[in-house]
Amino acid sequence: MPRVVAAETLDHLATDDPAARRSRRDLVRVHRCMGTRSIVMRAWRELAMAARGGQPLRILEIGAGDGSLLLGVAKVMAPNWPPVQLTLLDRQDIVSPATLAGYAALGWTAQVHVADVLAWADGPAGGDAGKAWPRWHLANAVTREDAVLSVHAGFSAQEITAVWPRASGTWRTREFAAGPFIHCFIAPRARVE
């Protein structure tokens with residue numbers, strides 16, 4: 001089933017809207033149920049193996065939300081990692097100063113970039129969508145509605161790899177389904193010997 005990208009309600013609610021705050025709390029529970037943190041940690045271990053002696057890793061999180069999911073991962077991974085330059089990309093800036101300070105305390109540089117991912121990809125910076133999302137009864141209406149839209153907009157197969165820059169073979173890409181509604185894309189730069 002082809003991807004269908006539609007605006008999600010949460011993207012258009014004010015950051016202090018009670019429904020938006022409740023939906024972000026819902027998303028924390030959804031990620032916990034889906035095991036997202038463990039999946040990200042496994043994928044990031046591949047990046048650590050690709051890291052070049054002491055050079056900072058550059059990581060982009062698409063749809064970063066409040067940045068707390070990756071901060072939890074960073075707290076576990078940072079002691080054994082080189083420095084990280086993290087870009088938290090989302091359509092809204094809801095990353096708190098405390099979250100940014102949490103990254104800084106780990107020696108990571110985190111910056112928030114507010115943009116739609118497709119607009120970002122066109123700029124100079126360079127899950128299975130066919131299945132219905134389960135009904136999260138503890139989630140508010142915004143979360144339930146946006147979950148369906150998110151699944152339908154999700155990547156599958158090798159979609160990201162197909163459009164990733166192929167400049168002289170400098171990227172080693174790996175793209176795979178990592179569980180229900182979770183799609184991973186890893187693209188470390190190939191080592192130059």
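Going by the structure above, here's the rest.
Report follows, based on the coordinates.

Conventions we followed
- Residues numbered from 1 in each chain as written.
- Predicted model: local features only at pLDDT ≥ 70, side-chain atom pairs only at ≥ 80, totals over all residues.
- Heavy atoms only, no water.
- Helix = DSSP H or I, 4+ residues; strand = E, 2+ residues; numbered from the N terminus.
- Buried < 20%, exposed > 50% of the residue type's maximum accessible area, 1.4 Å probe, protein only.
- Areas by Shrake-Rupley, 256 points an atom, 1.4 Å probe, with all protein chains shown as cover.
- Axes fitted to C-alpha atoms, helices over the stretch in contact; angles between N-to-C directions.
- Parallel < 35°, antiparallel > 145°, perpendicular 65-115°, else oblique.
- Left-handed = near helix turned anticlockwise from the far one by under 90°.
- Contact = heavy atoms within 4.5 Å.
- Phe/Tyr/Trp six-rings, centres within 6.5 Å; stacked < 30°, edge-to-face > 60°.
- Salt bridge = Lys/Arg side-chain N within 4 Å of Asp/Glu carboxyl O.
- Pairing = 2+ DSSP bridges.
- Core = buried A, V, L, I, M, F, W, Y, C linked by side-chain atoms within 4.5 Å.
- Right-handed = clockwise from strand over helix to strand, strands pointing away.

1. Topic: the overall build of the chain
No. 1: In terms of helices and strands, the chain carries seven helices and five strands.
No. 2: Mapped from its N terminus to its C terminus, the chain presents α and β elements in the order α-α-β-α-β-α-β-α-α-α-β-β.
No. 3: For the chain, buried positions account for 37% of its 193 residues.
No. 4: For the chain, the accessible area works out to roughly 11,200 Å², and carbon and sulfur atoms hold 57% of it.

2. Some points on the packing of helix α3 (residues 68–77) against helix α4 (residues 97–105)
No. 1: Relative orientation of the contacting elements α3 and α4 amounts to 20°, with a least axis distance of 10 Å. By the criterion of interaxial angle, the relationship of α3 to α4 is roughly parallel. Both α3 and α4 take part in a crossing whose hand is left-handed. Along the contact surface, α3 presents Ser68, Leu70, Leu71 and Ala74, while α4 presents Thr99, Gly102 and Tyr103.

3. Regarding the packing of aromatic side chains
No. 1: What the rule picks out here adds up to two aromatic pairs.
No. 2: Both rings, one in tryptophan 81 and one in tryptophan 108, keep their centres 6.0 Å apart while their planes meet at 25°; by these two values the pair is stacked. Residue tryptophan 81 is found in the loop between α3 and β2 (84–90), and its partner tryptophan 108 is found in the loop between α4 and β3 (109–114); the two are separated by 27 residues along the sequence.
No. 3: Owing to a relative accessible area of 4%, tryptophan 108 belongs among the buried residues under this scheme.
No. 4: Here the aromatic rings of tyrosine 103 and tryptophan 108 are separated by 6.2 Å at their centres, their planes lie at 20°, and the arrangement is stacked.
No. 5: Each member of the aromatic cluster is reached from another via a ring pair, and the members are Trp81, Tyr103 and Trp108.

4. As for the pattern of salt bridges
No. 1: Taken as a whole and judged by the stated rule, the model has two salt bridges.
No. 2: Between arginine 22 and aspartate 26 there is a salt bridge, with the nearest N and O atoms lying 3.2 Å from each other. Taken together, the residues arginine 22 and aspartate 26, both in helix α1 (residues 18–34) and four residues apart, mark about one turn of the helix.
No. 3: On the accessibility criterion, arginine 22 (32% relative accessible area) is partly exposed.
No. 4: Arginine 29 is paired through a salt bridge with aspartate 26; the nearest N and O atoms lie 2.5 Å apart. Of the two residues, arginine 29 and aspartate 26 are both situated in helix α1; the distance of three residues between them amounts to about one turn of the helix.

5. Comments concerning the pairing of strand β5 (residues 182–186)
No. 1: Counting buried positions along β5 yields four of five residues, so the element is predominantly enclosed.
No. 2: As defined by bridge partners, strand β4 (residues 174–179) adjoins β5 across five bridges and the pair is classed as antiparallel. Across the sheet, glutamate 175 pairs through a bridge with phenylalanine 185, a residue of β5.

6. Examining the nonpolar core
No. 1: Core analysis: the biggest nonpolar cluster contains 19 residues, and Trp44, Trp81, Tyr103 and Trp108 have the highest contact counts within it.
No. 2: Per-element tally for this core: the top contributor is α3, with five residues.

7. Structural notes on the sheet that holds strand β1 (residues 57–62)
No. 1: Within the open sheet, the three strands sit side by side as β1-β2-β3. Their pairing is parallel. Each edge of the open sheet is held by one strand with a lone partner, namely β1 and β3. Between one strand axis and the next, the sheet turns through 20° on average, direction left out of account.

8. Focus on the pairing of β2
No. 1: The buried fraction of β2 amounts to six of the seven residues, a majority that puts the element mostly inside the structure.
No. 2: Pairing of β1 with β2 involves six bridges; the strand directions are parallel. Along β2, the bridge assignment pairs leucine 57 with valine 84.
No. 3: Following the backbone out of β1, through α3 and into the adjacent parallel β2, one traces a crossover that is right-handed.
No. 4: Looking at chain direction, β2 and β3 are connected through six bridges and run parallel.

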